[in-house]
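Structural overview
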Amino acid sequence: MASMHEQTLTQFLLDNQALLYRMAFSYLKNQEDALDAVQTTACKALENQSQLRSADAVRSWVLRILVRTCLDQLKQRKKLVYLPDEELDQGSYEPDLPDDSLAKRVDALPENLQTVIKLRFYGELRLQEISDVTGWNLNTVKSRLYAGLKQLRVSMEGVEE
């Protein structure tokens, strides 16, 4: 018989696949990598469900696992050697976003500001939920959100205040 936490966790994973994928894609910018991250997150969550203290914390707990999984994948990518574009199979090419896109500007932010922006706007989390996911103090989340939005505005306007 499944525990109450396991039922809650399983239901959350099933109901929030699109949210988890959107969050993973915002970090990884690749469909297959994002799907892998969501699958890895689901496996880690199910394997470690005994660490879940409360059914009410499922959302922030799973998102914390997802963000860490994505950041780990990005660190692994930096260790890989990439082939020049001309050596890639043309069938696997995914076009990049335009250089002036908002997504590229978000990706150019420092990692801690990026995380807050992505959780707030891609993940649609409230500030307290972002605090729960990241483990940062609520005031830290607020200041990082403000700083990230200010940097985005400056980069979009092209002038510093």
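Structural data are supplied above this passage.
Residues numbered from 1 in each chain as written. Predicted model: local features only at pLDDT ≥ 70, side-chain atom pairs only at ≥ 80, totals over all residues. Heavy atoms only, no water.

1. Some words on helix 7 (residues 127-134)
An α-helical turn contains 3.6 residues, so a residue and the one three or four places further along point in the same direction. Put simply, the rule is: With a 1.4 Å probe rolled over the protein chains alone, any residue whose accessible area is under 20% of its type maximum counts as buried; one over 50% counts as exposed, and the rest are partly exposed. Secondary structure elements are taken from DSSP: a helix is a run of H or I of four residues or more, a strand is a run of E of two residues or more, and numbering for both begins at the N terminus.
Buried residues of helix 7: Glu-129, Ile-130, Ser-131, Val-133 and Thr-134, and no others. At the C-terminal side of helix 7, Gly-135 shows a positive phi close to 80°.

2. Let's talk about the side chain of Lys-118
Going by this rule: Whenever a nitrogen or oxygen atom comes within 3.5 Å of another N or O atom, the pair is scored as a polar contact, on the condition that within protein one atom can donate a hydrogen and the other can accept it, and that pairs from neighbouring residues in sequence are kept only if both atoms are in side chains. Contacts between residues were defined by any pair of non-hydrogen atoms, one from each residue, lying within 4.5 Å.
If you trace the backbone, Lys-118 turns up in helix 6 (residues 111-122). Of the polar contacts made by the side chain of Lys-118, one reaches the backbone oxygen of Ser-26; its length is 2.8 Å. Beyond its immediate sequence surroundings of up to four residues, Lys-118 is in contact with Met-23, Ser-26, Tyr-27, Lys-29, Val-106, Asp-107 and Gly-123.

3. Notes on the pattern of salt bridges
Our working rule: Any carboxyl oxygen of Asp or Glu within 4 Å of a side-chain nitrogen of Lys or Arg constitutes a salt bridge here.
Considering all chains together, one arrives at 6 salt bridges under this definition. When salt bridges with common partners are traced through the structure, they connect Lys-29, Asp-107 and Lys-118 into a single cluster.

4. Section: the packing of aromatic side chains
Put simply, the test is: In this scheme Phe, Tyr and Trp rings, the latter by its six-membered ring, pair at centre separations within 6.5 Å, and the angle between planes marks the pair as stacked below 30 degrees, edge-to-face above 60, and tilted otherwise. Put simply, a charge is over a ring when the Lys NZ or the Arg CZ is close to the ring centre, within 6 Å, and near the line of the ring normal, within 35 degrees.
According to the stated counting rule, one finds 1 aromatic pair in the structure shown. An angle of 35° between the planes, with centres 5.9 Å apart, marks the rings of Tyr-21 and Phe-25 as tilted. You can see Tyr-21 and its partner Phe-25 sitting in helix 2 (residues 17-28), 4 residues apart, about one turn around the helix. For Tyr-21, a relative accessible area of 27% translates into the label partly exposed. A relative accessible area of 31% means that Phe-25 is categorised as partly exposed. If you follow Arg-120 out to its NZ or CZ, it ends over the ring of Phe-121, 5.5 Å from the centre. Here Arg-144 stacks its cationic end above the ring of Trp-136, 4.2 Å away from the centre of that ring.

5. Quick notes on the packing of helix 2 against helix 3 (residues 31-47)
This is how the line gets drawn: Axis lines are fitted through C-alpha atoms, for helices just across the contact stretch, and the angle between N-to-C directions can take any value from 0 to 180 degrees. The cut-offs work like this: below 35 degrees is roughly parallel, past 145 is roughly antiparallel, 65 to 115 is roughly perpendicular, and the gaps in between are oblique. Here a crossing is called left-handed whenever its near helix is offset anticlockwise from the far helix by less than a right angle, and right-handed whenever the offset is clockwise.
Orientation of helix 2 relative to helix 3, taken along the N-to-C sense of each, is 130°, at an axis distance of 8 Å. Classified by the interaxial angle, the pair formed by helix 2 and helix 3 is oblique. The interaxial crossing formed by helix 2 with helix 3 has right-handed handedness. Between helix 2, through Leu-20, Tyr-21, Ala-24, Phe-25 and Leu-28, and helix 3, the contact on the second element is made entirely by Gln-31, Asp-33, Ala-34, Leu-35, Ala-37 and Val-38.

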